[in-house]
Amino acid sequence: MLAGPAVIHESAKTYAANVTMPFARRLIVAMRAGEAAGGDKRGKQSAALLIYGEEEWPDLDLRVDDHADPLAELERLEAVSRERWVHFAKFLPASASGRPS
């Protein structure tokens, strides 16, 4: 459903060029580059970011449905997560191995 190969190329190029960025932000800027290169040929409506670490629950789970500018909203929600979620997340219990049994 992508507009063409430039979407993947620009996304990958931008991801590789931003190694110093926090992972979630790096993914979002890569998605923005893909969108600028044509994105989804059906248009834009939703975006999501789901990142797993060592636990059975996600480190970050953001979803934007039916929005005029879904990547801007995803970016806003990611910023809110840096303000609020990261401080809470460090108090969650952890499995002994870091992986669910």
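Residues numbered from 1 in each chain as written. Predicted model: local features only at pLDDT ≥ 70, side-chain atom pairs only at ≥ 80, totals over all residues. Heavy atoms only, no water.

**Description of the confidence of the model for the protein**
In the predicted model, the protein carries a mean pLDDT of 91, and 94% of its residues have values of at least 70. Within the protein, helix 3 (residues 70–89) has the poorest average pLDDT of any element, 90, and helix 1 (residues 5–17) the best, 98. (pLDDT = per-residue confidence, 0-100. Helix = DSSP H or I, 4+ residues; strand = E, 2+ residues; numbered from the N terminus.)

**Notes on the packing of aromatic side chains**
Considering all chains together, one arrives at one aromatic pair under this definition. Relative to Phe-23, the ring of Tyr-15 has its centre 6.5 Å away and its plane inclined at 80°; by these criteria the two rings are edge-to-face. Stacked on the ring of Tyr-15, the Lys or Arg Arg-26 has its end atom at 3.7 Å from the ring centre. (Phe/Tyr/Trp six-rings, centres within 6.5 Å; stacked < 30°, edge-to-face > 60°. Lys NZ or Arg CZ within 6 Å of the ring centre and 35° of its normal.)

**Re the pairing of strand 1 (residues 47–52)**
Note on strand geometry: in a regular strand, side chains alternate between the two faces of the sheet. Across the two faces of strand 1 the burial differs, with Ala-47, Leu-49 and Ile-51 buried and Ala-48, Leu-50 and Tyr-52 not buried at all. Direction of pairing for strand 1 relative to strand 2 (residues 58–64): antiparallel, over a ladder of six bridges. Residue Ala-48 lies in a different strand from strand 2, and its bridge partner there is Arg-63. The hairpin formed by strand 1 and strand 2 contains five residues between the paired strands. (Buried < 20%, exposed > 50% of the residue type's maximum accessible area, 1.4 Å probe, protein only. Pairing = 2+ DSSP bridges.)

**Quick word on the pattern of salt bridges**
With the rule as written, the count across this model stands at seven salt bridges. Residue Asp-65 is joined to Arg-63 by a salt bridge in which the shortest nitrogen-to-oxygen separation is 2.9 Å. Taking the shortest distance from any N to any O, the salt bridge between Arg-82 and Glu-78 comes out at 2.9 Å. Of this pair, Arg-82 and Glu-78 both sit in helix 3, four residues apart, which is roughly one turn of the helix. Glu-78 gets classed as buried once you look at its relative accessible area, which sits at 4%. (Salt bridge = Lys/Arg side-chain N within 4 Å of Asp/Glu carboxyl O.)

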